[in-house]
Amino acid sequence: MRNPLAAVVMAVAATAVLAACDLGGPDTPEYLNFDAAVVAADGVSEDLEMMHGPGLGLPGGPFPPLEGNRPDCPESNERFHCHPFQHEGLTYERTITYMDAAGEPLPEYDEENTESIRYQISVVGDLSREWWSATIDRQRDLTVRGLLDHEDGPDGMDVVVWRGTGSGSIQRSLHRDDGVERSYSMESSGQSNDVVVPYPRTEEGWPISGTIVRSISITRTTGDGATETMEREVTITFNGTQFVPVTVGDETFTMDLSFRKFGPRGMHGRPGGRGRRF
């Protein structure tokens, strides 16, 4: 079973460059774009690992292996409700619906008739990284299409297309940076827009095209104890390579899809022009 797909976000271009001076303490708003990129990248890396199949019950990434080539998901009304399981402190729940070419649900997985699969996924728990920790509650509703008549991708490869929505609540989002800590609460919503991936996926089967967009409402406490809420939209655009742009407002960062564990790796540049590891 693969390790969780990692993403590393590194600032490689910022169209709005701030002065290379002290950015101030934890209340400095210039950090917000970067911190929003951190949170969005972690969620997107999880999304992409879920897309690493598809399989009968998303067996790749954090999901447990199938039992007897079937998911551990009892069926009810043509929907398969998988038993919750825990992975690295997070609790995962899944509901799976198999559909034919007409979009009608099937009573079971049938390789010859299953055109699309819908995954409704909940991820809840406490997340801890070297540089970031939070209590998360993420919900996804993702559908993969093209399992019967695969579209043609680059170099004649078969591809499938993922679409769907997501939402999340993040509490006590604590970001650490050179001894400075910034804490937020966040609410997010977003969409996966025609994310095209090779089928079947390989270790370096990077998404070919499509976007994942997150709208994030960030609430922080200022130095005088007041609270303020700001909005950020984060867009990750796939291009068939391991390096994909992450746009937040007027800044652009880069997400490296090659790492299999989301953690600190070569982050170069940030608001203020100083080096950063992420």
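As the structure is a prediction and not an experimental result, all values here were calculated from the model.

Conventions and cut-offs
- Residues numbered from 1 in each chain as written.
- Predicted model: local features only at pLDDT ≥ 70, side-chain atom pairs only at ≥ 80, totals over all residues.
- Heavy atoms only, no water.
- Helix = DSSP H or I, 4+ residues; strand = E, 2+ residues; numbered from the N terminus.
- Buried < 20%, exposed > 50% of the residue type's maximum accessible area, 1.4 Å probe, protein only.
- Contact = heavy atoms within 4.5 Å.
- Areas by Shrake-Rupley, 256 points an atom, 1.4 Å probe, with all protein chains shown as cover.
- Core = buried A, V, L, I, M, F, W, Y, C linked by side-chain atoms within 4.5 Å.
- Polar contact = N/O pair within 3.5 Å; in protein donor to acceptor, adjacent residues only side chain to side chain.
- pLDDT = per-residue confidence, 0-100.
- Salt bridge = Lys/Arg side-chain N within 4 Å of Asp/Glu carboxyl O.

## Section: the overall build of the protein chain
Reasoning step 1: Looking only at helices and strands, one finds one helix and 16 strands in the protein chain.
Reasoning step 2: Classification of the 278 residues of the protein chain by burial places 50% in the buried group.
Reasoning step 3: For the protein chain, the proportion of contacts with a sequence separation of at least 24, taken over those separated by at least 6, is 59%.
Reasoning step 4: Surface exposure of the protein chain reaches about 12300 Å², of which carbon and sulfur atoms provide 47%.

## Topic: the nonpolar core
Reasoning step 1: If you look at the biggest cluster of nonpolar residues, it comprises 55 residues, and the most contacted ones within it are Ile96, Trp162, Val234, Ile236, Phe238, Val246 and Met255.
Reasoning step 2: Per-element tally for this core: the top contributor is helix 1 (residues 32-50), with 11 residues.

## Here we look at the environment of aspartate 35
Reasoning step 1: If you trace the backbone, aspartate 35 turns up in helix 1.
Reasoning step 2: By relative accessible area, which is 0% here, aspartate 35 ends up buried.
Reasoning step 3: Measuring from C-alpha to C-alpha, the distance between aspartate 35 and tryptophan 132 comes to 9.4 Å, with 97 residues separating the pair along the chain.
Reasoning step 4: The contacts of aspartate 35, once residues within four sequence positions are left out, are His175, Arg182 and Tyr184.
Reasoning step 5: Within the structure, aspartate 35 has its side chain in polar contact with the side chain of tyrosine 184 (distance 2.5 Å).

## Examining the confidence of the model for the protein chain
Reasoning step 1: In this model, the protein chain carries an average pLDDT of 75, and 72% of its residues clear a pLDDT of 70 or more.
Reasoning step 2: Every residue in residues 1-27 scores below 50 in pLDDT, and together they form 97 contacts with partners more than four places removed in sequence or on other chains.
Reasoning step 3: Taken as a whole, residues 54-61 scores under 50 in pLDDT and shows 34 contacts with residues more than four places along the chain or in a different chain.

## Regarding the side chain of serine 116
Reasoning step 1: On the secondary structure map, serine 116 appears in strand 6 (residues 116-128).
Reasoning step 2: If near-sequence neighbours (up to four positions away) are discounted, serine 116 is found in contact with Thr97, Tyr98, Met99, Thr143, Val144, Arg145 and Leu147.

## Remarks on the pattern of salt bridges
For side chains bearing opposite charge, pairing can occur when the charged atoms are close.
Reasoning step 1: All told, the structure shown has nine salt bridges when counted by the stated rule.
Reasoning step 2: Close ionic contact of aspartate 47 with arginine 214 constitutes a salt bridge, the shortest N to O distance being 2.4 Å. Placement of the pair is aspartate 47 in helix 1 and arginine 214 in strand 11 (residues 209-221), with a sequence separation of 167 residues. The pair formed by aspartate 47 and arginine 214 is uniform in burial state, with each residue classed as buried.
Reasoning step 3: For arginine 220, the salt bridge is made with glutamate 228, and the minimal N-O distance between the two is 2.4 Å.
Reasoning step 4: Overlapping salt bridges, with partners in common, bring together Asp42, Glu46, Asp47, Arg138, Arg140 and Arg214 in one network.

## Observations regarding unusual backbone geometry
Reasoning step 1: One non-glycine residue, glutamate 78, adopts positive backbone phi at about 65°.
Reasoning step 2: Assignment of secondary structure puts glutamate 78 in the loop between strand 2 (75-76) and strand 3 (79-81).
Reasoning step 3: Although it is not a glycine, aspartate 194 adopts a positive phi angle of roughly 50°.
Reasoning step 4: Within the fold, aspartate 194 resides in strand 10 (residues 180-198).
Reasoning step 5: Its relative accessible area of 35% is what places aspartate 194 among the partly exposed residues.

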